[in-house]
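What follows is each chain in one-letter form.
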Amino acid sequence: MNTEKVTARRLTAEEVSELSLQDGIFVSAEMDGLPLDCYAPASLTKPGKNFEGGSFAARTIFGQEVSVLPDNAEEPGIWVADEAGEEIEVLQNAGVLLNLALFVPNGNKESLEALYSAAREAFGAGIVQRWSEEVVTVPDVKVDLFEEPARGRKNANSQNRDRRALDIYPTRVRFMEPSDGWRFVVEPHKEIVDETPTI
């Protein structure tokens, strides 16, 4: 486990309530429920002034969400870098996990292997790993993707629709997320015909 020593001081709940989303903090490092005896770089999930009850939620750079009561002496608390503080152990970044969805036109096994070989050559043979692989043949059909309110009335007029993307393959829809309170509507692609008379 790779850590570095950082000089920091512990914040009170009142001080945490003055923090914004851009302020860098340190909270207890935790990986999938496994507590680690060190801290992780993090930020609040919403501005400190928006929390109530003295409990704050923070998200570490490793994607873990942690709930903290800063004034509780039994808990690790929330820390901020300060040269006048004390040394704490901070967990270091080991790298970046990339979840990729690659679309290979007319893809076959040879082209996929060539992609993999190029990545291994660029980053190192022992570095690039394929954790899971799903090979899906993409039909040569395109769709229009709309968003509409999740609780919209059936057969309502389409004024609420918001065109998000045009001419996309159906398999790509799986990797997209609708806006909060909206849902996707997928329809067969229709070419836009401009019937404006010309002179």
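Residues numbered from 1 in each chain as written. Predicted model: local features only at pLDDT ≥ 70, side-chain atom pairs only at ≥ 80, totals over all residues. Heavy atoms only, no water.

Novice: Please explain the overall build of the protein chain as it appears in this structure.
Specialist: Each helix and strand in the protein chain was counted, giving 3 helices and 10 strands. Moving toward the C terminus, one meets the helices and strands of the protein chain in the order β-α-β-β-β-β-β-β-α-β-β-α-β. In summary, the protein chain has a C-alpha radius of gyration of 25 Å against a globular reference of 16 Å for 199 residues, an excess of more than 25%. Taken across its 199 residues, the protein chain has 24% of its residues classed as buried. Long-range contacts, defined as pairs at least 24 residues apart, comprise 57% of the intrachain contacts of the protein chain with a sequence gap of at least 6. Accessible area for the protein chain stands at about 14,800 Å²; split by element, carbon and sulfur atoms hold 49% of it. (Helix = DSSP H or I, 4+ residues; strand = E, 2+ residues; numbered from the N terminus. Rg over C-alpha atoms; globule rule 2.2 N^0.38 Å. Buried < 20%, exposed > 50% of the residue type's maximum accessible area, 1.4 Å probe, protein only. Contact = heavy atoms within 4.5 Å. Areas by Shrake-Rupley, 256 points an atom, 1.4 Å probe, with all protein chains shown as cover.)

Novice: Just to check I follow, could you spell out the side chain of S28 for this structure?
Specialist: Following the sequence through the fold, S28 ends up in strand β2 (residues 25–31). Note on S28: relative accessible area 18%, which makes it buried. Beyond its immediate sequence surroundings of up to four residues, S28 is in contact with L36, C38, Y39, A40, V66 and P76.

Novice: How do you make sense of the packing of aromatic side chains when you look at a structure like this?
Specialist: The geometry of an aromatic ring pair is captured by the separation of the ring centres together with the interplanar angle, meaning the angle of the planes. Counting across every chain of the model gives 2 aromatic pairs. Above the plane of the ring of F51 lies K46, whose end atom (NZ or CZ) is 4.9 Å from the centre. (Phe/Tyr/Trp six-rings, centres within 6.5 Å; stacked < 30°, edge-to-face > 60°. Lys NZ or Arg CZ within 6 Å of the ring centre and 35° of its normal.)

Novice: What am I meant to see in the confidence of the model for the protein chain here?
Specialist: Low-confidence regions, as indicated by low pLDDT, have predicted coordinates that should not be scrutinised in detail. In the predicted model, the protein chain carries a mean pLDDT of 82, and 91% of its residues have values of at least 70. By mean pLDDT, strand β9 (residues 162–168) is the weakest element of the protein chain at 66, and strand β6 (residues 79–81) is the strongest at 95. (pLDDT = per-residue confidence, 0-100.)

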